[in-house]
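Observations on chain architecture
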Amino acid sequence: MTTPSTQRKAGPLLGTGVQTTWPFTFKVFAETDIAVTTADSNGIETTLTYAVDYSVSLNANQETSPGGTVTYPISGTPLPAGSRLVIFGNLPYDQPLDLPSGGNFSPLALENQLDRATMQIQQLDERMDRAIVLPVSVAGTVDPVLPSPQSQTVIGWDVNGTGLQNYDLPALFSGAVYADWIAQTFTGNGTQTVFILQRAPGAIGNCDVSIAGVTQVPNVDYTLSGNVLAFTSAPTNGLTILVRYGSAASQVASTFSTESQTATAAQTVFTLASVIYNPGTNSMAVYVNGLRVVSGVDYLETDINEVTFTSGLSAGDEVLFIAGRTINETVGAEAVSYLPAGTSAVSRTVQSKLRDVVSVKDFGAVGDGVADDTAAIQAAVNHCWNTSRTLYVPAGVYLVTGLTLTGSAGQQNTILKIVGDGFGNPFAVWTTASGSVIKSVTNAPVFQVTVPTSTTSAGTLDVQGIVFDGTSSTPVIQLQAFYGVGRISNSAVFQRGTGHGIQSDWMTTSEIAECYILNKDWMNFGLGASRTGIGIYLSHQYDSGLQTIRKCSSRGFLTAYKIGVGGTAHYTYNASIQDCESSVTYNGVHLTDNARATWINNCYFEGGDGGVGIWDQGDYNKVTNCFTFAGYGTHLKSTDFTYGNYYAGNTFSAGSTANQTLIDITSSSVSGGPGKTCTGNHLSFGGSGGSIAGVIGLRINGTDPRLNLLGNNFYPRNSWVGGAGTIKLSDLSSGGVFGMTTAIGGSGAQEIPMLSRGALSFEMADAGLSQFNVSGNILSVPGGSLFYCNASAPVTVNRLSTDATAGRILIFNTQNANMTFANSAYIFMDGGVNFASRGHIVFYTQILGGAVYAYEICRSTY
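Residues numbered from 1 in each chain as written. Predicted model: local features only at pLDDT ≥ 70, side-chain atom pairs only at ≥ 80, totals over all residues. Heavy atoms only, no water.

With that settled, the discussion passes to the pairing of strand β52 (residues 612-616). Counting buried residues in β52 gives four out of five residues, a clear majority hidden from the surface. By the bridge criterion, three bridges tie strand β48 (residues 587-591) to β52 in an arrangement that is parallel. The partner of H590 across the bridge, within β52, is W615. In terms of strand pairing, β52 meets strand β55 (residues 634-638) through three bridges, oriented parallel. Paired with V612 across the bridge in β55 is T634. (Buried < 20%, exposed > 50% of the residue type's maximum accessible area, 1.4 Å probe, protein only. Helix = DSSP H or I, 4+ residues; strand = E, 2+ residues; numbered from the N terminus. Pairing = 2+ DSSP bridges.)

In structure tokens:
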């Protein structure tokens, strides 16, 4: 059979969202002799794999009924509407027929081989139909070979129109916007025709050539190739050749005007009515009596509207000035205002971008969540980092494998500002990406700043309106240096792995503000200590100061906020966490022993998973006006032997949850004066009166502590009643507490002994004392100061047993004469006289060698 002239392609065939079978009508020998490609609505092509993505069923007789049917997909969702599918020949370019040197051979085999060759030609023809070809009339001297790929270049014809070359894109745009002409002079010698310019003008139309003031005609009197200027005839010996060349800005960004003046005798200075604006940059042309004079030789542009000649002119000389305003006279919005009326919006946009803002899409980023945008965005970041420009990230999902800035000594003065379109509700964005999202699914930071040495800082980084979406055991954002007035604001950080959200190893005077930082477990309650990562971690490897975390929300992590690595010699000074929130975390905020003078203010920490709400291990730290909600194991933990800490005006709520300590505070007597101040706080236990166990309001520990505990208030204000271990106040210290004149035992109804309404109040014990509290002549005295003694049978007391608090004042109100306090080795009575009466007896106690010694102060009888 003959092979008809037919295109070996079926399609493009349009998807419907339903169709799964796709016919083709060109002859093939085997199911693998075709290829199948799909393209989505954005034109992104995908080459399908035979037997994985699609199957092929061939018609039985390829001679009478060529072709067959492709089934795609084999399983899954049909090709959606707006997408396309193409089936095309993919016959290998080989010749498998082997004819024997003698004997019979099959005519069918020969015919099939001829058909095969024709099919291969048809495949090539189909491909050529999609290729770029030169018109048939083009001269043979044209070289159509493409130049080697080069970043940020465009391909165009060279100055002779005979070959293709790369043009630097920024330079090309710069040339279109800025008037940067150069004047160069030569002297003819009568034989030289070729002269080399300092740089290539780019096009012959960008040259202005004159000999002895007479303008030369391009392509007639001279030609240009690159930076080689060639005259048709050699300029005469001794004549001056003036070449002005550069990029013509007048089409886009210049307004020019002409002005003529008549010189007076010996006049050198001319003041123009128009404005030059670019003194010394050859921004104008000057003619004297019709002959062009040379800038920098014959005259100087000495002011914004002034020209000074190097020698005086003659009276009556006609001087013509062609001057004006050019776009490169200034920068920013002011420059745009100088654009001539009618300049296109496109021109203005290009100029604005070149000056101020660069989009990641200008560097080829796609932002569809599928294409790898790493190279494009990294190139954009590097460009803006090196030029201190703003990088704009339009709305879209940009898939990267990680972006890196490397700081160096030479880049400490640079500024990088990254601005996105923001995002919607951060909780909704977590599941449905929207806004400006930079995403990585690799085990590496989405964005990091690295520095080569400990003494080198990067420049200033300012990030706004970006979602950083990572899945890694590393931080999503890792900043080895976050310096100067650096800022990350109005952004979101999603950690879908086990790593941290934002980690800074060196942060001085910078700010993280108005950000949401979410871990993969931000919706999962009750995970406890199995949570992972830290929301914002200031893990400073070097001394740092004045860091601010403001109006942030950290959720799902093991610890919401942590300052300091702990146990090193490098400190974080005067950091502040202001107006922040954490929830669905194990710990709220952790200040390690490397955090000094940190201020946590007006923050909300939501419990529920155990852990610690506010954990302070550093010195001089301050916690004020914060609120911790029920569910932490400890709400405020300050159990290290630190100094100068201040906790005031906070609210700690146990709600109705068991096993919580609201304030756990420890101090030692290493330094004089109050070691820590804990005052004006509100401690609440809404479950008091029930059976909730393990709730402690205020727990005090340490040897000879130095604590100011005045002014705290408790709810309820009487005893806290619950199951085992529930108590309002637990004093485990020894040696006295500043602000507490006696051990806090008994009911706790009288929280801290103090002057009230001008009278000194003493805490009354819960129950009276009787003979049953005496064993072996030893009276067991519970917590409190005032005790009623009502013995129903005679009993003698010659020793007291109290807690370990020294210096207690004990008042015994005896209701009858049955309880006798006898002079002994442990009770020293006034004059050695025993007391056995109805009345009062007052003792002062000391603890020596573990034994309690009581000294009578006074007595009274009724």
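Turning next to the packing of aromatic side chains. Within this structure, the stated rule accounts for 24 aromatic pairs. Note that R596 overlies the ring of Y571, its terminal NZ or CZ placed 4.0 Å from the centroid. Of note, K622 hangs over the ring of W599, and the distance from its end group to the ring centre comes to 4.7 Å. (Phe/Tyr/Trp six-rings, centres within 6.5 Å; stacked < 30°, edge-to-face > 60°. Lys NZ or Arg CZ within 6 Å of the ring centre and 35° of its normal.)

Under the counting rule described, the total for this entry stands at 11 salt bridges. Notably, a salt bridge pairs D609 with R531, separated by 2.5 Å at the nearest N-O pair. Here D609 is found in the loop between β51 (604-605) and β52, whereas its partner R531 is found in the loop between β39 (516-519) and β40 (534-538), with 78 residues between them in sequence. Of the two residues, D609 and R531, neither departs from the other in class, the shared state being buried. Between E856 and R859 there is a salt bridge whose closest N-O contact spans 2.7 Å. (Salt bridge = Lys/Arg side-chain N within 4 Å of Asp/Glu carboxyl O.)

Confidence along the chain averages 83 in pLDDT terms, with 84% of residues attaining 70 or more. With pLDDT under 50 throughout, residues 248-256 is counted as low confidence; its partners more than four residues away or in other chains account for 34 contacts. Contacts of residues 753-759 to residues separated by more than four positions or lying in other chains number six contacts, the stretch itself having pLDDT below 50. (pLDDT = per-residue confidence, 0-100. Contact = heavy atoms within 4.5 Å.)

Right, let's get into a nonpolar patch on the surface. Together, L99, L110 and L114 line one region of the surface with nonpolar side chains, adding up to about 260 Å² of accessible area. Locating L99 in the fold gives a position in the loop between β7 (84-89) and α1 (107-128). (Patch = residues over 30% accessible without salt bridge, like charges linked within 9 Å, V, L, I, M, F, W, Y side chains within 5 Å. Areas by Shrake-Rupley, 256 points an atom, 1.4 Å probe, with all protein chains shown as cover.)

A few words now on the sheet that holds strand β71 (residues 799-801). Strand pairs in the sheet, formed through backbone hydrogen bonds, run parallel or antiparallel to each other. Taken together, the three strands give an open sheet; going across it, the order is β67-β68-β71, and neighbouring strands pair in mixed fashion. Across the chains shown, the open sheet's two edge strands, defined by having one partner strand only, are β67 (774-775) and β71. As paired strands, strand β68 (residues 778-780) and β71 are joined by three bridges and run parallel to one another. Paired with L779 across the strands is L800, a residue of β71.

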